[in-house]
Amino acid sequence: MEMVAHRVRRRPRRPPPRAAGDTCRPPGRLRTTKRPPVLLFLSLFVLPPPTTAQTSTSPRPTIEALRIDAPIRLDGVLDEAAWEQAPVGSSFTAREPEDDRPAAQQTEFSVVYTENVLYFGIRAHDPEPDAIVAKELQRDSDHGRNDDSLAIVLDTFHDQRNSVTFEVNPLGARTDSLVTDEGKDQNIEWNGVWNATARRTTEGWQAEVAIPFATLRFDPARSVWGLNVRRVVRRTNEESNWAPIGREIGPRAVSRMYAAHWVSLAGDLTGISGVKPGRRLDVKPFVLASAAEEPRNEASGTIDDIDGGIDLKWGLTKSLTLDLTYNTDFAQVEVDQQQVNLTRFSLFFPEKREFFLENAGIFEFGPPSPGGGNRPPLMKTFFSRRIGLDRGEEVPIDIGARLTGRAGAWNVGLLTVGTEAVAAGNRPGAAAAQHSVFRLKRDLGERSSVGMIYTELDPRGGARNQLYGVDLDYKPNRQSQFYLFGAASEDEGRSGDTGALGTGWAYTTRTVRANVDLTEAQGNFNPGSGFLLRRDFRRYHPTVRWEPRVNRGVVRSWVLEAELDYFERESLGRIESRKLLLAPIGMRTTGDDRFRLAFVNDVEQLFEPFEIRPGIVIPAGLYKFDSIFLRGFSNQGRRLAWRGNVNVGEFFGGDRRSYMLSSFVRLSRHLLTEFQWNYNDVTLPQGDFTATIYTVRLDAALSPDLRLNTLAQYNDAAQLAGVNVRFNWIYKPGANLFVVYNHNWDAPTFSARETARRELIVKFNYLWQP
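Residues numbered from 1 in each chain as written. Predicted model: local features only at pLDDT ≥ 70, side-chain atom pairs only at ≥ 80, totals over all residues. Heavy atoms only, no water.

S.K.: Where do I start with empty space enclosed by the protein in this structure?
M.R.: A water-sized probe, rolled over the atoms, reveals where empty space remains. For the structure on display, the rule yields 10 cavities of 30 Å³ or more. In terms of lining residues, the second largest cavity is bounded by Lys 135, Glu 136, Leu 137, Gln 138, Ser 141, Arg 669, His 670, Leu 671, Leu 672, Asp 699 and Ala 701. Of all the elements in the fold, those that place two or more residues in the lining of the second largest cavity are strand 42 (671-684) and strand 43 (687-703). Tallied by class, the residues present in the lining of the second largest cavity amount to 4 nonpolar, 3 polar and 4 charged. (1 Å grid on protein atoms, 1.4 Å probe; cavity = no way out; pocket = protein on both sides within 12 Å on 5 of 7 lines; lining within 4 Å. Points joined across faces, edges and corners; volume = space filled by probe spheres on them. Helix = DSSP H or I, 4+ residues; strand = E, 2+ residues; numbered from the N terminus. Nonpolar A, V, L, I, M, F, W, Y, C, P; charged D, E, K, R; others polar.)

Rendered as structure tokens:
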């Protein structure tokens, strides 16, 4: 890996911030505009590949990368001669706390490259270097919300839709992610092979970033990439970008989404030519040793195991990648966080396994994911947690293959995974099965697309499930978005009422965000490889949010919201659920603290009795209840931070009090602790109960590549307790050593807990790039 070499000494250079409009040398250029064509699904087959264009009539900044012969030594000093010779990008524009003005703390950067590596050198000017916020060393922390940070957003195909982000804080801690369709999906679990160093100076802080071209997927024949660089100054909550982005472009529902991920507004990176598009083959074998014990099962004794497997990544073309996995194991993945379920619908747990997360955005289909809180999605036609997991228990994966990437204006995703049969003792086992999904999307115009999906679940010896779907995503401008999808499932031995439809519209301005979603799923619609929160429903879901800026005293903006979530039983045409939320009081402070007070009116029609807890059954009938909901959280960049909510009111003919409080204490840059308390007290005519979950998280980072994470949980309602301890050493980019200890208890009470299972796992993998 071309990361280290001797430095070329030169005199220190600290160029002053440039005047507004002087973005770099050479100057930016204006791109042409073109509106999307009329969208018909027939265009999937007949329209020629669209041209890429910039709808904005304002010039976008441009910077040229400088070709160098000797690699940069990554030490955060920026004293190589190459940094003095390279063009400089500057004149960052603020987006927060006030947009469309020069950033108060200016930033400069340059780009150089060798045949194998792309380098960024960035100077973040700050007149108060001792006040720079830098508290986290852990990889993949949310540096953009917690610390000062610099983020590089690359649109390597210049399609103005998809991007890859590399972020670093002043301690050199790294975060990366893949973003699809400017925020429709963000994969924060992706871990690319790259490196960065950073250090404070008397004039602020600076960073050097090295990204091997082997980590990126790009077209070597294309000389222009999309680029934006984002900076956060946490103590003043200033967010600025090299390519300006106004507040009318809002972050999407994804928790770590930045406005900078709108790569249709990015600048241009030019001058990259004659580089190697990356090694065509990455081989990552692993070996795993484990020892487990179930003390109450004397017949089992100690279960020892030594196993191994291999992952292979093969670049078939410049933009199509084939991933193969054999005997896949996910022992290093953090356990799921405990949840309390007071509804009659399934809980949703997010995917955390790396093989399924990489390039997962291509498989997204259906209604958009909900924003805010922990609300589960309504529908996912493909949900990878259906593969290799059964009721939270691991099911061995025999072999899997995934093909993802681009071919001209087409985005392609193909996944097939085979799982082994598992006997489960006292509960139903899992049959061997083959899961397959095929996704195809075609770009239309600048930001729109049309596509299809096919999924198949084939239990060996069981009934096969198939799903077919088509969708349209139409974005006539940056303020509006329209989507439409239709799908139908097919099960052996089942017919009729197997369809699902959905459409929606969203509109965003500087102060208003509004959307309307309409979704329907018939009673026999069954996404066998997906997730469906409800069955047999028709949903109407309008929302509106008004956030005017006032900038008076401690108040930066007021927030007013209204939402209606209406469900009816599709087969009966009768109401099943209705939630009306009015939030007339909400604010965001100048210190980036946020609060919201909402009044909620619920209507629930139970067509069947609902057993909310063992022995407590709510009879069928129509229930109406009101409640008050208060939510707030502090600036997460503080040494002591918190978030919480309170929900108090009526509940199915009784009362409910729900509280959640989570506190974060950053003891040092090496140590972060989180304490969370989730309490529910429910009083019903049929009986009373409480449900409490205690969570303690301790994250210790000795360096950005060496960390120890501990998660301890106690769920008194489920009578479960557990500890998950994970040690991870990234001994070289892309290669890891994991040591994992799990201890689970059956706990009628915490003091009366008994060990159900404990295990120790050691996993070692190695990245070989021939």
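S.K.: For this particular structure, what's the right way to read the environment of Lys 732?
M.R.: Tracing the chain through its elements places Lys 732 in strand 45 (residues 720-732). Taking the C-alpha atoms as reference points, Lys 732 and Leu 767, 35 residues apart in sequence, are found 8.6 Å from one another. Discounting residues that sit within four places of it in the chain, Lys 732 has contacts with Tyr 766 and Leu 767. A distance of 3.5 Å separates polar atoms of two side chains, one belonging to Lys 732 and the other to Tyr 766. (Contact = heavy atoms within 4.5 Å. Polar contact = N/O pair within 3.5 Å; in protein donor to acceptor, adjacent residues only side chain to side chain.)

S.K.: Explanation requested: the packing of aromatic side chains in the structure shown.
M.R.: Aromatic ring pairs: the centre-centre distance and the angle between the two ring planes describe each pair. Under the definition given, this model contains 29 aromatic pairs. Ring geometry for Tyr 659 and Tyr 679: centres 6.3 Å apart, planes at 15°, overall stacked. Separated by 20 residues along the polypeptide, Tyr 659 in strand 41 (residues 654-668) and Tyr 679 in strand 42 bring together distant segments of the chain. According to the relative accessible area criterion, Tyr 659 is partly exposed, its value standing at 24%. Ring geometry for Tyr 731 against Phe 764: centres 5.4 Å apart, planes inclined by 5°, an arrangement best described as stacked. (Phe/Tyr/Trp six-rings, centres within 6.5 Å; stacked < 30°, edge-to-face > 60°. Buried < 20%, exposed > 50% of the residue type's maximum accessible area, 1.4 Å probe, protein only.)

S.K.: What is the right way to read the pattern of salt bridges from this model?
M.R.: Side-chain pairing between opposite charges can occur once the charged atoms of the two side chains come close. Counted under the stated rule, the structure contains 44 salt bridges. Between Asp 592 and Arg 594 there is a salt bridge; the shortest N-O distance is 3.4 Å. With relative accessibility at 12%, the residue Asp 592 sits in the buried group. Through salt bridges with shared partners, a single network forms among Glu 96, Arg 234, Arg 549, Arg 556, Arg 588, Asp 592 and Arg 594. (Salt bridge = Lys/Arg side-chain N within 4 Å of Asp/Glu carboxyl O.)

S.K.: How do you make sense of unusual backbone geometry when you look at a structure like this?
M.R.: Excluding glycine, residues mostly carry a negative phi; peptide bonds, for their part, are mostly trans. Cis geometry marks the peptide bond from Glu 96 to Pro 97; its omega dihedral reads 0°. By the element assignment, Pro 97 lies in the loop between strand 3 (93-96) and strand 4 (101-102).

S.K.: What is the right way to look at the nonpolar core in this model?
M.R.: A general tendency of soluble globular proteins is for nonpolar side chains to be buried together. Phe 109, Phe 120, Leu 154 and Leu 227 are the most contacted members of the largest nonpolar core, which totals 37 residues. Elements that contribute at least two residues to this core include exactly strand 5 (107-113), strand 6 (117-125), strand 7 (149-155), strand 8 (163-168), strand 11 (195-201), strand 12 (204-212) and strand 13 (225-233). Excluding residues that lie within four positions of it along the chain, Leu 227 makes contacts with Ile 63, Phe 109, Phe 120, Ile 152, Val 153, Leu 154, Trp 242, Ala 266, Gly 267 and Leu 269. Counting 31 residues, the second-largest nonpolar core is a separate cluster that includes Val 417, Phe 531, Leu 532 and Leu 533. (Core = buried A, V, L, I, M, F, W, Y, C linked by side-chain atoms within 4.5 Å.)

S.K.: Is there a simple way to think about the confidence of the model for the protein in this case?
M.R.: Per-chain confidence: the protein averages 85 in pLDDT, with 88% of residues scoring 70 or above. For residues 1-57, every residue scores under 50 in pLDDT, and the model assigns this stretch 155 contacts once sequence neighbours within four places are set aside. Low pLDDT, under 50, characterises residues 251-256; the stretch is placed with 26 contacts to residues that sit more than four places away or in other chains. (pLDDT = per-residue confidence, 0-100.)

S.K.: For this particular structure, what's the right way to read the environment of Ser 90?
M.R.: Looking at the element boundaries, Ser 90 is found in the loop between helix 2 (81-85) and strand 3. Since its relative accessible area comes to 1%, Ser 90 is described here as buried. Between the C-alpha atoms of Ser 90 and Val 229, which are 139 residues apart in sequence, the distance is 9.9 Å.

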